[in-house]
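Understanding the architecture of this molecule
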Amino acid sequence: MRAEDEALILACIPSLRRYARGLTGDPHRADDLVQDTLERAWSRYSRWQRRGELRAWMFGIMHNHFIDGVRANGRRADQAALGDMPDAPVRATQTDHLEVRDLDRCLQALPAEQREVLLLICVEDLSYQEAAQVLDVPIGTVMSRLSRAREKLGALMQGRDSVSRLHRVK
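Residues numbered from 1 in each chain as written. Predicted model: local features only at pLDDT ≥ 70, side-chain atom pairs only at ≥ 80, totals over all residues. Heavy atoms only, no water.

As annotated in an unreviewed UniProt entry, the protein chain carries the name ECF RNA polymerase sigma factor EcfG and is attributed to Achromobacter kerstersii.

Okay, here's the thing in structure tokens:
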């Protein structure tokens, strides 16, 4: 592997750490997930076709490894106990800290498939097409999940537990 290739992989670490933290809700598990992703990317680098963005390819590796881990443990990522989640890093003011903690808890309350799409598009700034490739789903599914995630996150942040809109049909 060339030095330029190593530099490209290393440049992805901050984005990988953010995505991993959003997926797991735990800084220690997130670090483990990033390390596993980097190991896999390094060992499989020759398989990268250079057709897409390296960062998106690495997000795909991370996503697949995370899902494999969830399946192996026999639990669903969206059932993580909110009480076990550590507080967000201390911010400049107490109010900021509480808002960040609330946002983090609301993100963890989203179903995993909605949280993944929201993080990839809104935090990591991937296109819908890139997110669809990472998650191995159609682009329409990405758009639908993102819409539901934004709606549910807004409701959770406002203190509403559910986002069900039942319309009476006559």
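**With respect to the overall build of the protein chain**
Spelled out, the test is: Note on conventions: DSSP H or I runs of at least 4 residues are helices, E runs of at least 2 residues are strands, and numbering of each starts at the N terminus. Note on exposure labels: buried denotes an accessible area under 20% of the residue type's maximum, exposed denotes more than 50%, and partly exposed covers the range between, all computed with a 1.4 Å probe on protein chains only. Per-residue and other accessible areas were derived by the Shrake-Rupley procedure at a 1.4 Å probe size, with only the shown protein chains allowed to occlude residues.
A count of helices and strands for the protein chain gives eight helices and zero strands. Secondary structure elements of the protein chain occur, N-terminal to C-terminal, as α-α-α-α-α-α-α-α. The proportion of buried residues among the 170 residues of the protein chain is 39%. Here the protein chain has roughly 10300 Å² of accessible surface; of this, 49% comes from carbon and sulfur atoms.

**Quick look at unusual backbone geometry**
With phi around 60 degrees, Asp-125 is a residue other than glycine that occupies positive phi space. With respect to the helices, strands and loops of the structure, Asp-125 is situated in the loop between helix H6 (112-123) and helix H7 (128-135). Assessed through its relative accessible area of 63%, Asp-125 is described here as exposed. Residues other than glycine seldom take positive phi values, yet Asp-136 does so here, at roughly 60 degrees.

**Quick look at the nonpolar core**
Our working definition: Residues belong to one nonpolar core when they are buried, are Ala, Val, Leu, Ile, Met, Phe, Trp, Tyr or Cys, and are joined through side-chain atoms within 4.5 Å. Residue ranges labeled as domains rest on an automatic or database domain assignment. Between two residues, a contact is recorded if the distance between any of their heavy atoms is within 4.5 Å.
The biggest cluster of nonpolar side chains holds 40 residues, and the ones touching the most others in it are Leu-16, Tyr-19, Met-58, Met-62 and Leu-120. Contributing elements (two or more residues each) for this core: helix H2 (13-24), helix H3 (27-43), helix H4 (54-72), helix H5 (94-109), H6, H7 and helix H8 (139-157). Looking at this core element by element, the count peaks at eight residues for H4. Mapped onto the domain boundaries, this core takes at least three residues apiece from domain 1 (1-85) and domain 2 (94-161). Apart from the residues lying within four places of it in its own chain, the contact partners of Met-62 are Leu-16, Tyr-19, Ala-20, Leu-23, Leu-33, Val-34 and Thr-37.

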